[in-house]
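Results of the structural survey
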Amino acid sequence: METKTLPRPPRVGLVSLGCPKALVDSERIITKLRADGYQMSPDYAGADVVLVNTCGFLDSAKEESLEAIGEAIAENGRVVVTGCMGNEAEVIRQRFPDVLAVTGPQQYEEVVSAVHDAAPAATSPYLDLVPEAGLKLTPRHYSYLKISEGCNHRCSFCIIPSIRGDLVSRRPDAILREAEKLVEAGTRELLVISQDTSAYGVDIRHQPRMWKGEDVRAHMTDLSRELGKLGAWVRLHYVYPYPHVDHVIPLMAEGLVLPYLDIPFQHASPKVLRSMKRPANEAKVLERLKNWRSIVPDMAVRSSFVVGFPGEAEEDFQYLLNWLEEAQLDRVGAFKFEPVSGAAANALPDPVPEEVKQERYERVMELSARISAEKLAAKVGRTLDVLIDNVDAETGGATGRSKADAPEIDGEVHLRDAGHLAPGDIVSVRVEESDEHDLFGVPA
Ligand code: SF4
């Protein structure tokens with residue numbers, strides 16, 4: 001079988017000049033690039049492209065900006081210019097004909113796409129935390145917030161630790177400052193991502209930092225609580241069911257964090273999980289799910305599973321199906337196992353034939369579609385909060401997402417008589433119908 005080789009993530013250097021508003025732009029651009037799989041480079045030499053966020057308010061600031069562009073060209077050569085001086089693209093191009101792109105202030109999408117052109121993102125379903133569609137344009141009303149890099153686990157099918165290294169957590173105050181700026185700039189939903197969100201802060205011993213006059217530990221619970229106070233929806237992705245995750249559930253009950261958990265279980269059979277070397281692989285997960293739901297009845301759980309892992313026997317697979325039937329997860333994604341170059345799992349015996357993988361994949365998808373349809377049907381007649389993503393003024397239709405739906409990967413809520421709404425609005429919606437993945441309704 002073909003083995004996949006994974007690409008190295010591109011690195012971006014950033015020189016940010018100017019006022020606090022320009023800083024907000026830089027934060028937002030970095031957030032997006034990080035989420036797209038880019039890494040930041042602390043120096044010119046290690047950067048595949050350098051982004052200069054300029055200030056053009058005063059002549060002296062303009063001169064400083066031009067000098068910064070000149071330095072970046074001399075030191076690195078591959079430079080994208082953005083910010084207020086971007087309004088004077090001609091001046092920049094005349095002096096530095098080699099700049100790759102010039103964009104103006106607050107043109108986040110254009111800057112991000114110029115960086116993508118200059119140093120294409122190494123997309124790979126094995127590495128990406130953001131769904132492929134999310135790489136194109138993330139609307140301003142939701143933002144991915146990356147809280148750490150790397151991972152301390154060594155799952156046998158995964159090579160992220162060998163590419164990205166061990167877990168390196170960002171400081172909680174830096175994450176909160178970035179999140180606050182995003183909310184000020186119009187973000188209504190923060191999507192917290194990392195390779196292992198529940199391990200956040202382990203590497204820095206959960207060291208507290210001062211935020212708004214109080215100590216906040218570098219810990220998932222503290223961070224989630226403070227993020228929740230910013231007023232946007234907070235959605236947690238890539239959480240492993242460690243015991244301390246129990247402490248986040250009350251935050252959901254309080255409305256600080258969305259009643260949603262994305263837990264990449266990958267399998268249920270203890271034998272397969274052991275062979276995958278998965279973290280938090282313990283037998284009591286079903287019991288804990290039940291407990292969580294008794295505290296937050298509306299909690300939506302999404303997960304992904306790998307079928308056809310080497311050594312997965314029919315009885316292991318059947319165990320997974322029975323487990324899924326009992327777990328009643330709201331959203332399930334499944335993947336057929338594929339070896340990735342450098343992964344330990346490639347050396348495991350008993351590969352599963354392709355046709356068996358395909359057949360198991362179809363059985364998982366069929367079961368999860370049925371469970372999803374039943375869960376969605378139970379929402380008909382209820383009134384739910386929906387965050388609007390798109391509005392079609394011509395037809396008066398709109399699409400949005402309830403608290404149970406992450407963008408791109410989960411379902412949607414389709415609305416009628418909603419032409420007056422705008423993306424980013426949060427409205428009450430009466431659910432009228434459902435299908436396997438989506439809900440249909442009308443503003444209440
Ligand atoms: S938890 Fe496992 S699958 Fe996830 S990044 Fe770490 S090693 Fe890879």
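- Per an unreviewed UniProt entry, the protein is named Ribosomal protein uS12 methylthiotransferase RimO, and its organism is Sphingomonas telluris.
- The UniProt entry for the protein carries the following comment under Subcellular location (unreviewed entry): "Cytoplasm".
- As its UniProt record puts it under Sequence similarities (unreviewed entry), the protein is described as follows: "Belongs to the methylthiotransferase family. RimO subfamily."

Here's the deal with the overall build of the protein
- When its secondary structure is counted, the protein shows 13 helices and 20 strands.
- Its C-alpha atoms give the protein principal-axis dimensions of about 70 × 55 × 45 Å.
- Looking at the protein as a whole, 43% of its 444 residues are labelled buried.
- Pairs at least 24 residues apart make up 72% of the contacts formed inside the protein by residues separated by at least 6 positions.

Quick notes on the sheet that holds strand S3 (residues 49-54)
- The 5 strands are arranged S2-S1-S3-S4-S5 in an open sheet whose pairing can be described as parallel. The outermost strands of the open sheet, each flanked by one partner alone, are strand S2 (39-41) and strand S5 (101-102).
- Here 3 bridges tie strand S1 (residues 11-16) to S2, and the two strands are oriented parallel to one another. Counterpart to Val-12 in the pairing with S2 is Met-40.
- Helix H2 (residues 59-75) contacts S1, S3 and strand S4 (79-83) of the sheet and is inclined by roughly 175 degrees relative to S3.
- Strands in contact with helix H4 (residues 108-118) are S1, S3, S4 and S5; relative to S4, the strand with the most contacts, it is inclined by about 180 degrees.

Comments concerning the sheet that holds strand S18 (residues 413-415)
- An order of S16-S17-S18-S20-S19 is seen for the 5 strands of this closed barrel, with the pairing classed as mixed. The sheet shows a mean angle of 50 degrees between the axes of neighbouring strands, taken without regard to direction.

Concerning the domain arrangement of the protein
- When its domains are assigned, the protein resolves into domain 1 (11-118), domain 2 (132-377) and domain 3 (383-443).
- Put simply, the middle of domain 2 and the middle of domain 3, counted by C-alpha atoms, are 25 Å apart.
- Among the secondary structure elements, those contributing two or more residues to the side of domain 2 that touches domain 3 are helix H5 (132-136), strand S9 (189-193), strand S12 (233-236), strand S13 (260-262), strand S14 (300-307), strand S15 (331-336) and helix H13 (354-377).
- Per-element accounting of the side of domain 2 that touches domain 3 gives the leading share, 5 residues, to H13.
- By residue class, the composition of the side of domain 2 that touches domain 3 is 13 nonpolar, 5 polar and 7 charged.

Some remarks on the confidence of the model for the protein
- Counting all residues, the mean pLDDT for the protein is 89, and 92% of those residues have values of 70 or more.
- Of the regions scoring below 50 in pLDDT, residues 132-137 engages in 9 contacts with residues more than four places distant in sequence or in other chains.

Here's the deal with the environment of His-420
- Examined against the element boundaries, His-420 turns out to sit in the loop between S18 and strand S19 (426-434).
- Note on His-420: 12 C-beta atoms within 10 Å, which makes it exposed.
- In sequence terms His-420 and Gln-195 are 225 residues apart; their C-alpha atoms lie 39 Å from each other.

Considerations on the site of the ligand
- The full set of residues close to the ligand is Cys-151, His-153, Arg-154, Cys-155, Cys-158, Ile-160, Pro-161, Gln-195, Asp-196 and Pro-279.
- Of the residues that constitute the shell around the ligand, the class distribution is 6 nonpolar, 2 polar and 2 charged.

With respect to the nonpolar core
- Residues Leu-145, Phe-157, Leu-190, Leu-191, Val-192, Val-234 and Phe-305 are the most contacted members of the largest nonpolar core, which totals 81 residues.
- Residues from two domains meet in this core; each of domain 2 (132-377) and domain 3 (383-443) gives at least three.
- Once residues within four sequence positions are removed from consideration, Leu-145 is found in contact with Thr-31, Ile-175, Glu-178, Ala-179, Leu-190, Leu-191, Val-192 and Ile-193.
- Val-12, Ile-29, Tyr-38 and Met-85 belong to the second-largest nonpolar core, a separate cluster that totals 27 residues.

Concerning the UniProt feature "domain: TRAM" (unreviewed entry) in the protein
- In the numbering used here, UniProt assigns the feature "domain: TRAM" (unreviewed entry) to residues 377-444.
- In this annotation, residues 377-444 is assigned 1% helix and 49% strand; the end-to-end C-alpha distance for the span is 18 Å.

Observations concerning the pairing of S15
- Pairing of S14 with S15 involves 6 bridges; the strand directions are parallel. Bridge assignment links Ser-304 to a residue of S15, and that residue is Gly-333.
- Between the parallel pair S14 and S15, the chain is carried across by helix H12 (residues 314-327), and the sense of this crossover is right-handed.

About the thresholds
Residues numbered from 1 in each chain as written. Predicted model: local features only at pLDDT ≥ 70, side-chain atom pairs only at ≥ 80, totals over all residues. UniProt positions renumbered as here; feature names shortened; annotations may be inferred. Helix = DSSP H or I, 4+ residues; strand = E, 2+ residues; numbered from the N terminus. Buried ≥ 20, exposed ≤ 12 C-beta atoms within 10 Å, placed from the backbone. Contact = placed C-beta atoms within 7 Å. Pairing = 2+ DSSP bridges. Axes fitted to C-alpha atoms, helices over the stretch in contact; angles between N-to-C directions. Domains from an automatic or database assignment. Nonpolar A, V, L, I, M, F, W, Y, C, P; charged D, E, K, R; others polar. pLDDT = per-residue confidence, 0-100. Near = placed C-beta within 6 Å. Core = buried A, V, L, I, M, F, W, Y, C linked by C-beta atoms within 7 Å. Right-handed = clockwise from strand over helix to strand, strands pointing away.

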